[in-house]
Amino acid sequence: MSGPSENPSDKTPLLSVRDLVVEFPTRRGTLRALDKVSFDIAQGEVLGMVGESGAGKSLTGAAIIGLLEPPGRIAGGEIRLRGERIDNLPREKMRRIRGRRIGMVFQDPLTSLNPLYTVAQQLIETIRTHMDVSEGEARKRAVALLDRVGIPAAARRIDDYPHHFSGGMRQRVVIALALCAEPELVLADEPTTALDVSVQAQIIDVLKEICAERGASVMLITHDMGVIAETADRVAVLYAGRVAEIGPVRDVIQAAEHPYTAGLMGSIPTLTQNAARLTQIPGSMPRLNAIPQGCAFNPRCPKVFDRCRTDRPELIDRDNGRHVSCWLYDAATQQVAHD
Amino acid sequence: MTDTPLLQVTGLTRYFDVSKPWLNRVLEREEKQFLTAAADVDFEIKRGETFALVGESGSGKSTIAKMIVGLVDPSRGRILFDGQEMRFEQGAAMRQLRRRFQMIFQDPFASLNPRWRVGAIIAEPIRTFGIASGADINREVGRLLEVVGLSASDAEKFPHEFSGGQRQRIAIARALSSKPEFIVCDEPTSALDVSVQAQILNLMRDLQDEFGLTYLLISHDLSVVRHMANRIGVLYLGRLVEEADAKRLFTEPQHPYTRMLLDAVPDLALSGRRRKPVTGEIPNPINPPSGCTFHPRCPLVEDICKRKIPEVRTTPTGRAACHLLSENGLVKT
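One structure accompanies this document, and this report is about it.

About the cut-offs
- Residues numbered from 1 in each chain as written.
- Chains lettered and ligands numbered in written order.
- Predicted model: local features only at pLDDT ≥ 70, side-chain atom pairs only at ≥ 80, totals over all residues.
- Heavy atoms only, no water.
- Phe/Tyr/Trp six-rings, centres within 6.5 Å; stacked < 30°, edge-to-face > 60°.
- Helix = DSSP H or I, 4+ residues; strand = E, 2+ residues; numbered from the N terminus.
- Buried < 20%, exposed > 50% of the residue type's maximum accessible area, 1.4 Å probe, protein only.
- Axes fitted to C-alpha atoms, helices over the stretch in contact; angles between N-to-C directions.
- Parallel < 35°, antiparallel > 145°, perpendicular 65-115°, else oblique.
- Left-handed = near helix turned anticlockwise from the far one by under 90°.
- Contact = heavy atoms within 4.5 Å.
- Nonpolar A, V, L, I, M, F, W, Y, C, P; charged D, E, K, R; others polar.
- Pairing = 2+ DSSP bridges.
- Salt bridge = Lys/Arg side-chain N within 4 Å of Asp/Glu carboxyl O.

## Notes on the packing of aromatic side chains
Okay, so step 1: For the structure on display, the rule yields 10 aromatic pairs over all chains.
Okay, so step 2: When the ring of Tyr260(A) is compared with that of Phe297(A), the centres are 5.3 Å apart and the planes differ by 65 degrees; the resulting orientation is edge-to-face. With Tyr260(A) in helix α11 (residues 259-266) and Phe297(A) in the loop between α11 and α12 (306-310), the pair connects residues that are 37 residues apart, well separated along the chain.
Okay, so step 3: Residues Tyr15(B) and Phe34(B) carry aromatic rings whose centres are separated by 6.4 Å and whose planes lie at 65 degrees to one another, so their mutual orientation is edge-to-face. Residue Tyr15(B) is located in strand β1 (residues 7-17), and its partner Phe34(B) is located in strand β2 (residues 34-45); the two are separated by 19 residues in the primary sequence.
Okay, so step 4: Overall, the relative accessible area of 33% leaves Tyr15(B) in the partly exposed class.
Okay, so step 5: Pairwise contacts between aromatic rings join Tyr239(A), Tyr260(A) and Phe297(A) into one cluster.

## A look at the packing of helix α8 (residues 197-214) of chain A against helix α10 (residues 256-264) of chain B
Okay, so step 1: In the contact formed by α8(A) and α10(B), the axes pass within 8 Å of each other and the chain directions differ by 45 degrees. For the element pair α8(A) / α10(B), the angle class is oblique. Crossing of α8(A) over α10(B) shows left-handed handedness. Residues Val197(A), Ser198(A) and Ala201(A) of α8(A) form the contact with α10(B), whose own contacting residues are Met260(B), Leu261(B) and Ala264(B).
Okay, so step 2: Classifying every residue of the contact of α8(A) with α10(B) by side-chain character gives 5 nonpolar, 1 polar and no charged.

## Remarks on the side chain of Arg231(B)
Okay, so step 1: With respect to the element layout, Arg231(B) can be found in strand β9 (residues 231-236).
Okay, so step 2: Given a relative accessible area of 15%, Arg231(B) falls into the buried group.

## Remarks on the packing of helix α4 (residues 118-128) of chain B against helix α6 (residues 164-176) of chain B
Residues and elements named next belong to chain B.
Okay, so step 1: Contact pair α4 / α6: the axes reach a minimum separation of 7 Å and the direction vectors enclose 30 degrees. As far as their axial angle goes, α6 and α4 are roughly parallel. As for how α4 packs across α6, the hand of that crossing is right-handed. Contact residues: α4 offers Val118, Ile121, Ile122 and Pro125, while α6 offers Ile170, Ala173 and Arg174.

## Re the sheet that holds strand β5 (residues 84-85) of chain B
Residues and elements named next belong to chain B.
Okay, so step 1: Reading across from one edge, β2-β1-β4-β5 is the order of the 4 strands in this open sheet, with antiparallel pairing throughout. Across the chains shown, the open sheet's two edge strands, defined by having one partner strand only, are β2 and β5.
Okay, so step 2: Inspection of the sheet shows strand β4 (residues 76-81) paired to β5 by 2 bridges, in the antiparallel sense. Within the sheet, the bridge partner assigned to Phe81 lies in β5 and is Gln84.
Okay, so step 3: On top of the sheet, helix α2 (residues 61-69) reaches β1, β2 and β4; it is set at about 115 degrees to β1, its chief contact.

## Overview of the pattern of salt bridges
Okay, so step 1: Tallying each qualifying case throughout the model produces 43 salt bridges over all chains.
Okay, so step 2: Put simply, Arg234(A) and Glu45(A) hold a salt bridge, and the shortest N to O gap is 2.7 Å. In this pair, Arg234(A) is assigned in strand β9 (residues 234-239) and Glu45(A) in the loop between β2 (29-41) and β3 (46-50), connecting sequence segments 189 residues apart. In this structure, Arg234(A) and Glu45(A) share a single accessibility class: buried.
Okay, so step 3: For Asp17(B), the salt bridge identified is with Lys32(B), shortest N-O distance 3.1 Å. Taken together, the residues span a long stretch of sequence, with Asp17(B) in strand β1 and Lys32(B) in the loop between α1 (22-28) and β2 at a distance of 15 residues.
Okay, so step 4: Taking the relative accessible area as the measure of exposure, Asp17(B) reaches 43% and is therefore partly exposed.
Okay, so step 5: Linked by salt bridges that have partners in common, Glu23(A), Arg32(A), Asp35(A), Arg73(A), Arg242(A) and Arg312(A) make up one network.

Structure below.
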């Protein structure tokens with residue numbers, strides 16, 4: 001199988017997802033929401049995960065932390081955290097990984113915090129659940145952490161309730177909460193989508209700096225390519241529950257190989273280039289019950305040829321740290337093109 | 001035709017009363033409280049151009065849009081459409097004027113009646129304004145659906161059968177059905193994915209060329225605004241802080257807030273620039289800061305900024321409201 005990082009000299013990645021399949025059984029048959037998704041996250045790396053709504057970004061995150069909403073279930077593949085499988089753990093064991101080894105930051109900071117408890121109570125509870133420290137020590141850590149994420153007068157504000165904080169400040173509290181047990185991986189699902197641009201930049205900076213400082217890896221799920229461009233080391237592009245392309249951020253943004261990624265990049269207006277028209281990908285992403293045969297992108301692809309309509313492309317290793325699932329890059333296709 | 005701007009807005013102001021109930025005020029000895037959503041906003045939109053208003057949440061973008069189409073009454077100020085003052089309490093004359101402008105809303109899931117067929121949704125303005133009758137209505141609906149890239153047979157379907165992008169196309173067809181000259185677009189693409197956003201933005205441009213439309217585009221997305229607009233107004237806490245030619249706003253921002261906003265936007269260009277850390281958040285609009293409302297976050301703040309509301313001055317690229325601006329732009333940088 002040509003998964004990312006088959007190279008034996010690589011150290012074991014922090015997180016490794018292989019051929020992950022997530023299915024939703026429904027009365028009208030089983031819907032396959034994730035179809036053989038594979039990627040790795042190295043120690044200390046920021047992996048961006050982009051895609052349009054319904055591509056399966058958040059679902060991938062939910063599968064990793066074992067929070068798939070029933071009837072959704074993992075129907076195949078495996079997820080390993082430091083080489084150890086976590087996709088088939090009993091609930092109780094998974095609960096101990098969640099929060100302790102994998103921290104989470106969700107989109108809406110208001111729903112991630114309990115409105116009935118002060119920030120101090122929530123932070124101290126989380127710290128003491130995962131670490132063996134006294135109440136006083138936990139409080140000291142909590143204050144230090146709030147101070148670190150940029151909450152002014154942390155020692156005083158820690159006893160406030162979530163509604164006393166503004167949206168940006170709340171998201172800082174959520175980041176503190178995600179990091180308080182010193183996790184190895186932080187899963188951030190649209191952490192800035194609910195915030196204004198001027199605040200968004202602050203939150204991204206805080207998240208990035210603090211994770212770098214602690215050596216935590218980040219899986220950053222967002223639909224905003226701009227955020228990915230400024231934050232991630234590598235990016236995975238999802239389309240209809242499949243990985244279209246993975247590679248270093250700069251390469252993927254500036255020289256996308258998969259036609260979908262290329263179309264996606266062209267459709268985003270930028271702050272520097274002048275284009276009369278934006279590149280347009282005709283149509284829209286297929287629904288889960290109508291994913292076309294072969295490559296899921298083939299009906300919208302400008303470079304489609306016969307094979308795309310029948311065979312599904314696997315991720316092809318491009319030997320430059322990039323992986324693309326597109327028949328254009330298959331050895332056989334390129335042979336034909338050269339002849 | 002003439003040189004009169006199609007839309008002229010002067011001193012547009014809107015307060016919202018957000019006081020507690022009378023009894024609470026008496027018991028707790030509190031004053032009435034007002035939220036200033038828009039304060040002394042002036043701008044003009046010429047025929048055939050796209051004027052954009054950008055700002056973060058709470059900056060008053062949508063309130064201004066709603067005042068222009070008459071969904072919210074202004075507390076003060078005047079709106080002239082094609083030289084005629086808009087007074088929504090007036091009947092027949094206003095209805096004549098009313099036909100000439102339309103609005104597209106942000107959420108295509110909320111702005112279409114789920115119990116109506118698409119054909120009925122699009123036909124409603126045609127009937128209301130008596131533009132066509134009988135079988136002509138259906139023909140017109142079919143034509144409009146094709147104009148926005150759907151098929152005439154879609155008129156029989158219900159809104160839930162369409163995706164977000166297609167629904168926004170239906171909303172555009174409805175806006176076009178009264179043959180307007182001016183369309184207010186309130187965040188028309190912010191509920192859509194980027195590839196669909198590109199389709200809608202391209203469609204809006206094509207329609208502008210085809211029908212000579214004038215747009216007021218409201219958005220928080222600077223890159224969308226830059227792509228679409230001829231001129232841009234930047235709002236902060238209900239005040240217009242800067243207005244400039246679209247391209248020059250991005251290369252030569254004048255007001256410190258505009259500079260900060262541009263610095264904060266994550267960009268695809270991967271320039272590797274080191275962003276200046278942005279400080280603070282938008283203050284509460286109920287008790288906005290004294291003087292220039294941006295002063296608590298402004299890196300260039302001086303004493304006068306805390307005392308006096310800055311006047312609008314001419315800048316090399318347009319106009320801006322800042323005490324530190326001179327004829328040649330910012331005094332210090």
